[in-house]
Amino acid sequence: MNFENKTVALTGAASGFGRAIAEGFSRMGARVWGCDIQPEGLKQISALPGLTTAIVDLSDRKAAAAWIAEVEAQSGGPIDVLVNNAGGSLGTPFQPIDEVEDESWDRLFNVNIHASFVTSRAAAAGMKRNGRGAIINISSGAGLKPSLTGVQGYCASKHALVGLTRQLAVELGPHGIRVNSVAPGLVLTDEAKVRRWEGYTPEKRQAKLAQTALRRLGEAEDIANGVFWLSSDLSKYVTGQVLSIDGGSL
Ligand SMILES: NC(=O)c1ccc[n+]([C@@H]2O[C@H](COP(=O)([O-])OP(=O)(O)OC[C@H]3O[C@@H](n4cnc5c(N)ncnc54)[C@H](O)[C@@H]3O)[C@@H](O)[C@H]2O)c1
């Protein structure tokens, strides 16, 4: 795959999948604009060829839209590929529904769905003018079924992201813009996820692996590869789809 002269806007670039996606696009010749709220993580990838980083809190809608405008201004035109990757369960512990605070629910929705709505809205106008574009939303297995974490706002916001993907694919398809989602299974991308995984009982961990056809957890690269395919012309007749990359999870 070759992404030379392609403009890629990637959210949540500082760690985990975002970092693997940034590295791969950079390797394949793209000009990548990556944003995150973690300055340290951004600094670690800032030397990648073709990468421009920005510190943006995507739960601030104005800042999220302004970042897209900035990418267009700096790149000199519309965005070719938008990857809405930032998000997650944000360290939210499981709590019974009757104990969940509004603030915890809102925090999850702000980044997992509202930010993707805002960046997609901001990027769509330029993509329409260009008559082409690809939007890839990183949802989750928890966007299709209940989450292992039990965190209601995570599961519900990722289901909403799958809905946004399907709806935008129908709306933007006539403009040559494809909208798809990658739904990853569990990948231990950071210490917090390792701790959460190790906090599960051996039976729960074993059950999870037994319910995974390939009998292992995924790696960031597995997820990034799906994003590259959905961003490239190899998938030029694919839109409105959710690609589960989860080792064949039941
Ligand atoms: N790792 C998994 O097991 C898994 C499984 C399914 C889905 N996902 C999804 O994949 C995506 C990436 O996850 P990851 O595992 O690489 O996690 P991660 O925590 O390593 O990466 C998420 C990035 O988003 C950034 N971010 C969070 N809030 C932000 C905000 N308000 N503004 C800007 N940036 C913000 C974080 O700083 C972080 O760098 C997430 O959307 C997550 O829900 C992950």
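A brief report on the enclosed structure follows. Numbers given for residues are sequential positions, taken from 1 along each chain in its written order. Given that the model is predicted, a residue must reach a pLDDT of at least 70 before its local features are reported, and side-chain atom pairs must reach 80 or more before they are shown or counted; all residues, however, enter totals for whole chains, interfaces and linings. Remark: hydrogens and water are excluded; side-chain values derive from all non-hydrogen atoms of the structure.

Focus: the overall build of the chain
Scanning the chain from terminus to terminus reveals 8 helices and 7 strands. It is over C-alpha atoms that the radius of gyration is taken, and the globule rule equals 2.2 Å times the number of residues to the power 0.38. A globule of 250 residues ought to have a C-alpha radius of gyration of about 18 Å, and the chain, at 17 Å, matches this closely. Principal-axis analysis of the C-alpha atoms gives the chain an extent of 50 × 40 × 40 Å. The buried share among the 250 residues of the chain stands at 46%. Residues count as neighbours in contact if any of their non-hydrogen atoms are within 4.5 Å of one another. When contacts within the chain are restricted to residue pairs at least 6 apart in sequence, those whose partners lie at least 24 apart make up 70%. In the form shown here, the chain has an accessible surface area of approximately 12,000 Å², with 53% of it arising from carbon and sulfur atoms. The way it works is that DSSP assigns letters per residue, a run of H or I at least four long becomes a helix, a run of E at least two long becomes a strand, and they are numbered from the N terminus. For the exposure calls, accessible area comes from a 1.4 Å probe over protein chains only, and a residue counts as buried if that area is under 20% of its type's maximum, exposed if over 50%, partly exposed in between. Only the protein chains shown count as cover for residues, and all accessible areas are computed by the Shrake-Rupley method using a 1.4 Å probe.

Some details on the packing of helix 3 (residues 61-75) against helix 4 (residues 102-130)
Put simply, helix 3 and helix 4 touch, their axes get as near as 9 Å, and they point 30° apart. Crossing of helix 3 over helix 4 shows right-handed handedness. Between helix 3 and helix 4, the contacting residues are Arg61, Ala64, Ala65, Ile68 and Glu72 on the first element and His114, Phe117, Val118, Thr119, Ala122, Ala123 and Gly126 on the second. Only the contacting stretch of a helix is used when fitting its axis, a line to C-alpha atoms as for every element, and angles between N-to-C directions run 0 to 180 degrees. Note on convention: the crossing is left-handed when the near helix lies turned anticlockwise from the far helix by less than a right angle, right-handed when the turn is clockwise.

Regarding helix 1 (residues 16-27)
Each helix should span, by expectation, one fewer than its residue count multiplied by 1.5 Å. Helix length check: helix 1, at 12 residues, gives a terminal C-alpha distance of 17 Å against a target of 16 Å (1.5 Å per residue), a fit within 8%. Of all the residues in helix 1, the buried ones are Phe17, Gly18, Ala20, Ile21, Ala22, Gly24, Phe25 and Ser26. Among the residues trailing helix 1, glycine 29 stands out with phi positive, at a value near 90°.

Some remarks on empty space enclosed by the protein
Cavity means a closed set of points on a 1 Å grid over the protein atoms alone, one where a 1.4 Å probe fits but cannot get out, pocket means an open set with protein on both sides within 12 Å along at least 5 of 7 lines, and lining means a residue has an atom within 4 Å of a point. Grid points are joined across faces, edges and corners, and a volume is the space filled by probe spheres set on the points. The full count for this structure, using the stated rule, is 1 cavity of 30 Å³ or more. Considered as a void within the structure, the largest cavity measures approximately 50 Å³ in volume. Along the walls of the largest cavity sit Thr92, Pro93, Gln95, Val100, Ser104, Trp105, Leu108, Val151, Gln152 and Gly153, which together make up its complete lining. Those elements that provide at least two residues to the lining of the largest cavity are helix 4 and helix 5 (152-172). It is helix 4 that contributes the most residues to the lining of the largest cavity, 3 residues altogether. A class-by-class count of the residues in the lining of the largest cavity yields 5 nonpolar, 5 polar and no charged. In this classification, the charged set is Asp, Glu, Lys and Arg, the nonpolar set is Ala, Val, Leu, Ile, Met, Phe, Trp, Tyr, Cys and Pro, and all remaining amino acids, among them Gly, are polar.

Overview of the pairing of strand 6 (residues 177-184)
For strand 6, a buried count of 8 out of 8 residues is recorded, marking the element as mostly surrounded by other parts of the structure. Burial of the side chains of strand 6 extends over both faces: Ile177, Val179, Ser181 and Ala183 are buried on one face and Arg178, Asn180, Val182 and Pro184 on the other. Strand direction decides the pairing type here: strand 5 (residues 133-138) and strand 6, joined by 6 bridges, are parallel. Bridging from a neighbouring strand, isoleucine 138 pairs with valine 182 of strand 6. Consider the strands pointing away from the viewer: the crossover is right-handed when the path from the first strand over the helix to the second runs clockwise. Viewed along the sheet, the connection from strand 5 through helix 5 into strand 6 turns out right-handed. With 4 bridges connecting them, strand 6 and strand 7 (residues 242-245) associate as parallel partners. Residue pairing in the sheet places valine 182 in a bridge with leucine 243 of strand 7. Strands are treated as partners if at least two bridges between them are detected by DSSP.

Notes on the packing of aromatic side chains
Each Phe, Tyr or Trp ring (for Trp, its six-membered ring) is paired with any other whose centre lies within 6.5 Å, and the angle between the two planes then decides the class: stacked below 30 degrees, edge-to-face above 60, tilted in between. This model, assessed by the stated rule, comprises 4 aromatic pairs. Aromatic pair phenylalanine 25 and phenylalanine 228: ring centres 5.0 Å apart, planes at 80°, arrangement edge-to-face. Taken as a pair, phenylalanine 25 in helix 1 and phenylalanine 228 in helix 8 (residues 220-231) lie far apart in primary sequence, 203 residues in all. A single burial state applies to phenylalanine 25 and to phenylalanine 228, both of which are buried. An aromatic cluster is built from Phe3, Phe25 and Phe228, whose rings are joined through pairwise contacts. Definition used: whenever NZ (Lys) or CZ (Arg) falls within 6 Å of the ring centre and also within 35 degrees of the ring normal, the charge is taken to sit over that ring. The ring of tyrosine 200 has lysine 204 lying over it, and the distance from NZ or CZ to the ring centre is 4.1 Å.

Observations regarding the site of the ligand
Around the ligand sit 28 residues, and of these Ser15, Phe17, Asp36, Val187 and Thr189 come closest. Polar contact is the term for a pair of N or O atoms within 3.5 Å; when the atoms are in protein, one must be able to donate a hydrogen and the other to accept it, and sequence-neighboring residues count only if both atoms are side-chain atoms. In the environment of the ligand, an oxygen atom lies 2.8 Å from a nitrogen or oxygen atom belonging to the backbone of phenylalanine 17. Residue asparagine 85 places a main-chain N or O atom 2.8 Å away from an oxygen atom belonging to the ligand. For the ligand, whose accessible area on its own is 810 Å², the fraction buried by protein is 92%. To be near a molecule or strand, a residue needs just one of its heavy atoms within 4 Å of it.

Regarding unusual backbone geometry
If you check the backbone angles, leucine 90 has positive phi at about 55° while not being a glycine. When you line up the elements, leucine 90 lands in the loop between strand 4 (81-84) and helix 4. In this structure, arginine 215 is a non-glycine residue whose phi angle is positive, near 60°. Relative to the helices and strands, arginine 215 resides in the loop between helix 7 (202-210) and helix 8.

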